Amino acid sequence: MEKDIEEVLFTPAQLDEKITELGHQITKDYQGKDLLMIGVLKGANVFMSDLMRKIETSVKIDFMAVSSYGLSTQSSGVVRIIKDLDYSIEGKDVLVVEDIIDTGLTLHYLYDNLLSRKPSSLKICTLLDKPERRRVDIPVDYKGFDIPDEFIVGYGIDYAEQYRNLPYVAILKREVYEK
Ligand SMILES: O=P(O)(O)OC[C@H]1O[C@H](OP(=O)(O)OP(=O)(O)O)[C@H](O)[C@@H]1O
Ligand code: HPA
């Protein structure tokens with residue numbers, strides 16, 4: 001795996017520091033609220049499990065699984081819900097947790113879908129944001145890092161289902177996906 005990595009962008013220590021900051025901010029903002037974190041599988045699973053443990057107010061979790069990239073490095077633009085939420089979110093303070101926002105197409109679809117279920121509030125938290133590639137506007141409330149227009153892997157994020165178990169966030173060598 002290591003041989004396919006061009007550059008490490010964020011080390012485990014840098015990720016931990018940033019996620020601790022995000023956790024403190026979310027703890028402050030959601031005091032006395034009915035916080036429900038929704039992790040977007042599969043990519044967000046690592047970030048979600050680290051972030052929730054940095055939150056010191058009561059929190060419930062649920063997951064949705066969606067896919068728009070399949071085995072490719074290009075978004076198909078078509079978002080498929082593979083697993084829906086277990087419970088209603090009506091009246092809940094919902095925080096959607098994503099690993100990466102790239103074109104924005106996945107979250108654009110999800111945001112409208114979740115809004116139609118009448119949560120009390122709906123906010124977005126992403127670890128990584130690739131603003132140069134955005135095709136639709138997304139209201140990001142909590143962000144870890146901006147990243148350059150490169151294909152990223154690690155810390156839950158995949159290329160063709162591989163590299164999710166790397167403990168850092170890295171740029172994948174182009175030769176890996178341009179063959
Ligand atoms: O802003 P976008 O261009 O829509 O890209 C972002 C989405 O792409 C990735 O998911 P993917 O479809 O690869 O599924 P995965 O989470 O199972 O890896 C990532 O986890 C985001 O959900
Ligand atoms: O840079 C990326 N890497 C992996 N999955 C992704 N989904 C959107 N952008 C990316």
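Up top is the structure these notes are about.
Because the structure is predicted, anything quoted here is derived from the model rather than measured. Numbering of residues begins from 1 in every chain and follows the order in which that chain's sequence is written. Written order decides the labels, with chains lettered from A and ligands numbered from 1. Residue-level local features of this predicted model are given only where pLDDT is at least 70; pairs of side-chain atoms are given and counted only at 80 or more, and the full residue set underlies all totals for whole chains, interfaces and linings.

1. Some words on the site of ligand 1
- We call a residue near a molecule or strand if the C-beta atom, set from the backbone, is within 6 Å of it. Gly 43, Tyr 69, Asp 102, Thr 103 and Thr 106 are the nearest of the 18 residues found near ligand 1.
- The helix and strand labels rest on DSSP assignments: H or I over at least four residues marks a helix, E over at least two residues marks a strand, and numbering proceeds from the N terminus. Of all the secondary structure elements, the ones that give two or more residues to the shell around ligand 1 are β2 (35–41), β5 (93–101) and α3 (105–115).
- Here the shell around ligand 1 gets 4 residues from one element, more than from any other, and that element is β5.
- Under the scheme applied, nonpolar residues are Ala, Val, Leu, Ile, Met, Phe, Trp, Tyr, Cys and Pro; charged residues are Asp, Glu, Lys and Arg; polar residues are all the others, including Gly. Its residues assigned to classes, the shell around ligand 1 comprises 6 nonpolar, 7 polar and 5 charged.

2. Digging into the nonpolar core
- By convention in this section, buried Ala, Val, Leu, Ile, Met, Phe, Trp, Tyr and Cys residues joined through C-beta atoms within 7 Å make up a nonpolar core. Each residue is classed by its C-beta neighbour count within 10 Å, where at least 20 other C-beta atoms makes it buried, 12 or fewer makes it exposed, and intermediate counts make it partly exposed; the C-beta atoms are placed from backbone geometry. Core analysis: the largest hydrophobic core is formed by 39 residues, its most contacted members being Phe 47, Leu 95, Val 96 and Val 97.
- Listing elements by their share of this core, those giving two or more residues are α1 (12–29), β2, α2 (45–52), β5, α3, β6 (121–129), β8 (152–153) and β9 (169–172).
- Among the elements that make up this core, the one with the highest residue count is β5 (6 residues).
- Apart from residues lying up to four places away in sequence, Val 96 is in contact with Ile 38, Val 40, Leu 110, Leu 114, Ile 124 and Cys 125. C-beta atoms are placed from the backbone for every residue, and two residues are taken to be in contact when these atoms lie within 7 Å.

3. Quick notes on α1
- Here, expected helix span is obtained from the residue count minus one, scaled by 1.5 Å. Between its terminal C-alpha atoms α1 stretches 26 Å, which fits the 26 Å expected from 18 residues at 1.5 Å a residue.
- For α1, the set of buried residues is Leu 15, Leu 22 and Ile 26. Buried residues in α1, looked at end-on, bunch into an arc of 40 degrees, giving them a common side. Facing away from the buried side of α1 by more than 90 degrees, the exposed set consists of Ala 13, Glu 17 and Lys 28. In this context, the arc is that of the directions from the helix axis out to the C-beta atoms.

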